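Remarks on the overall topology
Here are the chains, one letter per residue:
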Amino acid sequence: DAGVTQSPTHLIKTRGQQVTLRCSPKSGHDTVSWYQQALGQGPQFIFQYYEEEERQRGNFPDRFSGHQFPNYSSELNVNALLLGDSALYLCASSLGSQTQYFGPGTRLLVL
Amino acid sequence: AQSVTQPDIHITVSEGASLELRCNYSYGATPYLFWYVQSPGQGLQLLLKYFSGDTLVQGIKGFEAEFKRSQSSFNLRKPSVHWSDAAEYFCAVADTFGNEKLTFGTGTRLTIIP
């Protein structure tokens with residue numbers, strides 16, 4: 001049983017560019033949450049998707065957007081990248097409101 | 001708003017010694033509490049969770065945690081650490097049973113010395 005998978009594992013972008021990160025949830029899970037983990041910090045909640053809708057959102061600007069597909073996979077998009085967006089982006093999946101299970105993350109470096 | 005405090009940024013423990021990592025939360029209602037572990041370059045692995053009932057919860061890898069409402073604490077313990085326990089440990093709280101939004105502490109880095 002595959003767990004949560006994320007792609008790519010690493011990527012480098014320059015300021016002002018746009019980036020798309022992808023997440024495939026654990027088999028049987030229908031809810032996907034995204035977190036940003038800056039270096040030396042705990043993860044911070046970005047938003048959560050359920051039934052292809054954004055259900056809850058953390059304190060992140062509109063530059064951060066997402067999408068959930070009918071197969072429950074999800075994308076996180078970040079526009080107009082800033083140096084401060086450099087972080088590990090974690091995806092977590094769950095079955096409805098059950099416990100969240102995390103993927104390995106995508107490490108984004110903005111130069 | 002809910003919050004989590006992990007007072008210890010870094011702890012060093014000898015292999016075989018006991019371990020206690022501290023976690024304090026701030027939340028008005030019944031909290032839903034979690035401990036996650038993160039190895040270098042990895043995602044988060046759930047160690048254990050508390051929703052209700054017995055205040056002493058058992059987790060994976062020999063870890064346990066005790067919920068103390070009077071102290072707003074949920075400390076993680078292990079009687080004897082192994083070198084493989086070296087990692088970053090995060091305490092988190094959710095505001096609903098559905099843990100729709102996890103709020104994490106800043107983490108405690110655990111170093112094991114031979």
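For clarity, every value in this text was computed on a predicted model and none was experimentally measured.

Some thoughts on the pairing of strand β12 (residues 108–113) of chain B
All names here are of chain B. In β12, alternate side chains face the same way, and those of Thr108, Leu110 and Ile112 are buried while those of Arg109, Thr111 and Ile113 on the opposite face are not. Summarising the sheet, strand β2 (residues 10–14) and β12 pair through five bridges and their orientation is parallel. Considered in β12, the bridge of valine 13 is made with isoleucine 112. As defined by bridge partners, strand β10 (residues 87–94) adjoins β12 across three bridges and the pair is classed as antiparallel. When the sheet's bridge partners are listed, tyrosine 89 is paired in β12 with threonine 108.

So, the pattern of salt bridges
Two side chains carrying opposite charge are able to pair once their charged atoms lie near each other. Throughout the structure, instances matching the rule amount to seven salt bridges over all chains. One salt bridge connects Arg22(A) with Glu75(A), and the closest N-O pair in it is separated by 3.4 Å. Here Arg22(A), found in strand β3 (residues 19–24), pairs with Glu75(A), found in strand β8 (residues 74–78); they are 53 residues apart in sequence, far enough to count as distant. By relative accessible area, Arg22(A) is classed as partly exposed at 41%. Among the ionic pairs, Arg77(B) bridges to Glu64(B), the shortest N-O distance being 3.2 Å. Here Arg77(B) is found in strand β9 (residues 73–78), whereas its partner Glu64(B) is found in strand β8 (residues 64–68), with 13 residues between them in sequence. Residue classification places Arg77(B) among the partly exposed positions, given a relative accessible area of 24%. Ionic contacts of the salt-bridge type, sharing partners, join the residues Glu64(B), Glu66(B) and Arg77(B) into one network.

Structural notes on the interface of chain B and chain A
Across the boundary between the two partners, chain B contributes 21 residues, which contact 20 residues of chain A. Counting the surface lost from both chain B and chain A, the interface buries some 1600 Å², and carbon and sulfur atoms represent 49% of this. Put simply, chain B and chain A have zero salt bridges between them. Scanning the region where chain B abuts chain A turns up four residue pairs in polar contact (both at pLDDT 80 or more). Where the side of chain B that touches chain A is concerned, the elements lending two or more residues are β5 (32–38), β6 (44–50) and β11 (102–104) of chain B. By residue class, the composition of the side of chain B that touches chain A is nine nonpolar, eight polar and four charged.

Looking at the packing of aromatic side chains
Counting across every chain of the model gives 16 aromatic pairs over all chains. Between Phe60(A) and Phe64(A), the ring centres sit 5.1 Å apart and the planes meet at 65 degrees, which makes this aromatic pair edge-to-face. According to the relative accessible area criterion, Phe60(A) is buried, its value standing at 13%. Chaining the aromatic ring pairs together yields one cluster made of Tyr35(A), Phe45(A), Phe102(A), Tyr32(B), Phe34(B), Tyr36(B), Phe51(B), Phe90(B) and Phe104(B). Its guanidinium or amino end placed over the ring of Tyr101(A), Lys26(A) lies 6.0 Å from that ring's centre, counting from NZ or CZ.

Some thoughts on the state of the cysteines
Residue and element names in this part refer to chain A. Applying the stated criterion across every chain, the model contains two disulfides over all chains. For cysteine 23, the disulfide goes to cysteine 91, at an S-S distance of 1.8 Å. One quick way to see it: the torsion about the S-S bond of cysteine 23 and cysteine 91 is about -60 degrees, and its sign makes the bridge left-handed. Taken together, the positions of cysteine 23 in strand β3 and cysteine 91 in strand β9 (residues 87–94) put the pair 68 residues apart, joining distant regions of the chain.

Definitions and limits used
Residues numbered from 1 in each chain as written. Chains lettered and ligands numbered in written order. Predicted model: local features only at pLDDT ≥ 70, side-chain atom pairs only at ≥ 80, totals over all residues. Heavy atoms only, no water. Buried < 20%, exposed > 50% of the residue type's maximum accessible area, 1.4 Å probe, protein only. Helix = DSSP H or I, 4+ residues; strand = E, 2+ residues; numbered from the N terminus. Pairing = 2+ DSSP bridges. Salt bridge = Lys/Arg side-chain N within 4 Å of Asp/Glu carboxyl O. Contact = heavy atoms within 4.5 Å. Buried area = accessible area lost by both parts, 1.4 Å probe. Polar contact = N/O pair within 3.5 Å; in protein donor to acceptor, adjacent residues only side chain to side chain. Nonpolar A, V, L, I, M, F, W, Y, C, P; charged D, E, K, R; others polar. Phe/Tyr/Trp six-rings, centres within 6.5 Å; stacked < 30°, edge-to-face > 60°. Lys NZ or Arg CZ within 6 Å of the ring centre and 35° of its normal. Disulfide = S-S within 2.5 Å.

Shape descriptors only; they carry no functional weight alone.
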